[in-house]
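A look at the structure
Below are the chains, spelled out letter by letter.
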Amino acid sequence: MLLSECARDIIEQTIAQGENMTTMRDIAKISNVSVSTVSRVLSGKGRVSDEKRSEILRIIKDLHYIPDYHAKCMVKGGIISVGLVVPDITNPFFSELAKGIESELGNHALLILMDSFRNEEREKELSIALRDNGAKGIIFGNSHVDDDFILEISKFIPTVVFDKEYNLSNVGTIALDNFRGSYMATKHLIENGCSRILHFGGFPDLDVSFQRKLGYEKAMIESNLIPKTILTGYDQDSGYEQAKKIFSSEKYDGVFCMNDLVAVGVMKGLKEIGFSIPTDVKMVGFDDVNLCEVLVPPLTSVHQPVEEMGKAAVKMLLAMIEKKDTPKKYLFSPSLVVRGSSLKK
């Protein structure tokens, strides 16, 4: 069947304006049917003749029509979408966090996952894009966020932030007791015979890094040991580079790392220099991601119940979206998972 002159005009207008400008009203006009008939064809529900259905579907294809999911959800009164902004999706911790969030969301909302690459300006841009494109709420996967920006974005949509607390009506917090976790890790190394323990830490502008450093220092000072922190970062490469640099000229018998990815890099660097783990250097990481079990030796690590934390974030966010009463903070307790990297030989 040839397209009518009206249809050709609409196609030309669509191409001039951008291929996603076509509406259901345009489809209905070309097909000489009502908008509700086009809607029935798109949903696959309701009675439409096979001939008319085929014609409408062909026109939809020709015009590159894409149904407006957001508008559909608004009509139904459902949750449009929820944004998750993380600093580094290659870190298994954030992958597992996304898994927990997705699991709890189920059919309640569409999850939009965005990676800020640890760039604060990009994080702001992504968040504004989420807000402007219909997201009903945002979850920030870590505490490296600008306080003034959180204040501003939360005026428009409910917000959940990990490991940083705000006294704002539209902002909730999911936190781990990072101080306690790092204290436990350091005490474990001391109890296993370490007296010179180096902390490969994150940067102090991240509250998580600061709390883990404080916990490490408390355990060291209690045992009359001298704490030393090397500002490292959060990825495998930074751990590797710092380990090669420091251990080439200094000697330590214990290492506590900011997270497991840093620990992987440190372990690689120490092995290349010629150190044996745990004989020469005992190691503890933080997060207890899945890769800890497959390292050689397996890595002792502070466990975060990350999937449960993700689920709690969703429950809190959905309650705020629906304007229901909800606690504005959930505090989770860490635990130490002991493996071969820290045990006495």
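Criteria and thresholds
- Residues numbered from 1 in each chain as written.
- Predicted model: local features only at pLDDT ≥ 70, side-chain atom pairs only at ≥ 80, totals over all residues.
- Heavy atoms only, no water.
- Helix = DSSP H or I, 4+ residues; strand = E, 2+ residues; numbered from the N terminus.
- Buried < 20%, exposed > 50% of the residue type's maximum accessible area, 1.4 Å probe, protein only.
- Areas by Shrake-Rupley, 256 points an atom, 1.4 Å probe, with all protein chains shown as cover.
- Salt bridge = Lys/Arg side-chain N within 4 Å of Asp/Glu carboxyl O.
- Core = buried A, V, L, I, M, F, W, Y, C linked by side-chain atoms within 4.5 Å.
- Contact = heavy atoms within 4.5 Å.
- Axes fitted to C-alpha atoms, helices over the stretch in contact; angles between N-to-C directions.
- Parallel < 35°, antiparallel > 145°, perpendicular 65-115°, else oblique.
- Nonpolar A, V, L, I, M, F, W, Y, C, P; charged D, E, K, R; others polar.
- Expected span 1.5 Å × (residues − 1).
- 1 Å grid on protein atoms, 1.4 Å probe; cavity = no way out; pocket = protein on both sides within 12 Å on 5 of 7 lines; lining within 4 Å.
- Points joined across faces, edges and corners; volume = space filled by probe spheres on them.
- Pairing = 2+ DSSP bridges.
- Phe/Tyr/Trp six-rings, centres within 6.5 Å; stacked < 30°, edge-to-face > 60°.

1. Considering the overall build of the chain
- The number of helices and strands found in the chain is 13 helices and 12 strands.
- For the chain, buried positions account for 49% of its 345 residues.
- When the accessible surface of the chain is summed, it comes to about 17000 Å², and 52% of that surface belongs to carbon and sulfur atoms.

2. Considering the environment of I27
- Positionally, I27 belongs in helix α2 (residues 24-31).
- Owing to a relative accessible area of 0%, I27 belongs among the buried residues under this scheme.
- Along the chain, I27 and I56 lie 29 residues apart, while their C-alpha atoms are 7.2 Å from each other.

3. Remarks on the pattern of salt bridges
- Inspection of every chain in the model, using the stated rule, returns 16 salt bridges.
- With its nearest N and O atoms 3.7 Å apart, the salt bridge here joins K99 to E307. Here the residue K99 occupies a position in helix α6 (residues 92-105), and E307 occupies one in helix α13 (residues 306-321), the gap between them amounting to 208 residues.
- Note on E307: relative accessible area 26%, which makes it partly exposed.
- One connected set of salt bridges, linked through shared partners, spans D288, E293 and R339.

4. Observations regarding the nonpolar core
- Formed by 61 residues in total, the largest nonpolar core has its most connected members in I139, I174, F200, F247, V266 and M283.
- For this core, the leading source of residues is α13, giving 10 residues.
- In this structure, F200 is in contact with I230, T232, Q242, A243, F247, V255, F256, C257, M258, V262 and V266, ignoring residues within four places of it in sequence.
- If you look at the next biggest cluster of nonpolar residues, it comprises 15 residues, including V85, V145, F149 and Y166.

5. Overview of the packing of helix α3 (residues 35-43) against helix α4 (residues 50-62)
- Contact geometry of α3 with α4 gives a least axis separation of 10 Å together with a crossing angle of 85°. Taken as axis vectors, α3 and α4 run roughly perpendicular relative to one another. Across the interface between the two elements, T37, V38, R40, V41 and L42 from α3 touch R53, I56, L57 and I60 from α4.
- Considered class by class, the residues forming the contact of α3 with α4 number six nonpolar, one polar and two charged.

6. As for helix α9 (residues 178-191)
- The terminal C-alpha atoms of α9 lie 20 Å apart, and with 14 residues this matches the ideal 20 Å at 1.5 Å per residue to within 8%.
- Three or more residues of α9 are buried, namely N178, G181, S182, M184, A185, T186, H188, L189 and I190.
- At the exit of α9 stands G193, carrying a positive phi of roughly 100°.

7. Thoughts on empty space enclosed by the protein
- All told, the structure shown has one cavity of 30 Å³ or more when counted by the stated rule.
- Taken together, 16 residues line the largest cavity, and the ones lying closest to its centre are F93, F94, V208, R212 and M258.
- Here the residues of the lining of the largest cavity are counted per class, giving seven nonpolar, five polar and four charged.

8. What to know about the sheet that holds strand β9 (residues 282-287)
- A sheet is described by the order of its strands in space; here six strands give the open sequence β7-β6-β8-β9-β10-β12, paired in mixed fashion. Each of the sheet's edge strands pairs with one partner strand only, and the pair in question is β7 (228-231) and β12 (335-337). The mean inter-strand angle of the sheet, taken between neighbouring strand axes irrespective of direction, is 20°.
- Relative to strand β10 (residues 300-303), β9 runs parallel, the two sharing four bridges.

9. Remarks on the packing of aromatic side chains
- One pass over the full model with this rule turns up five aromatic pairs.
- Measuring from centroid to centroid gives 5.9 Å for F203 and Y234, while their planes differ by 75°, and the two rings are edge-to-face. With F203 in the loop between β6 (197-201) and α10 (207-222) and Y234 in the loop between β7 and α11 (236-247), the pair connects residues that are 31 residues apart, well separated along the chain.
- Assessed through its relative accessible area of 35%, F203 is described here as partly exposed.
- Measuring from ring centre to ring centre gives 6.4 Å for F256 and F286, while their planes differ by 55°; the resulting arrangement is tilted. Taken together, the residues F256 in strand β8 (residues 254-257) and F286 in strand β9 connect sequence positions 30 residues apart.

10. Points about the side chain of N178
- With respect to the secondary-structure elements, N178 resides in helix α9.
- Apart from the residues within four sequence positions on either side, N178 is in contact with D163, V208, Q211, R212 and F286.

11. Here we look at the layout of surface pockets
- Taken as a whole, the second largest pocket encloses approximately 160 Å³ of empty space.
- Lining the second largest pocket are 13 residues, with D163, A175, L176, D207 and Q211 sitting closest to its centre.
- Where the lining of the second largest pocket is concerned, the elements lending two or more residues are β5 (171-176), α9 and α10.
- Here the lining of the second largest pocket is composed, by residue class, of four nonpolar, three polar and six charged.

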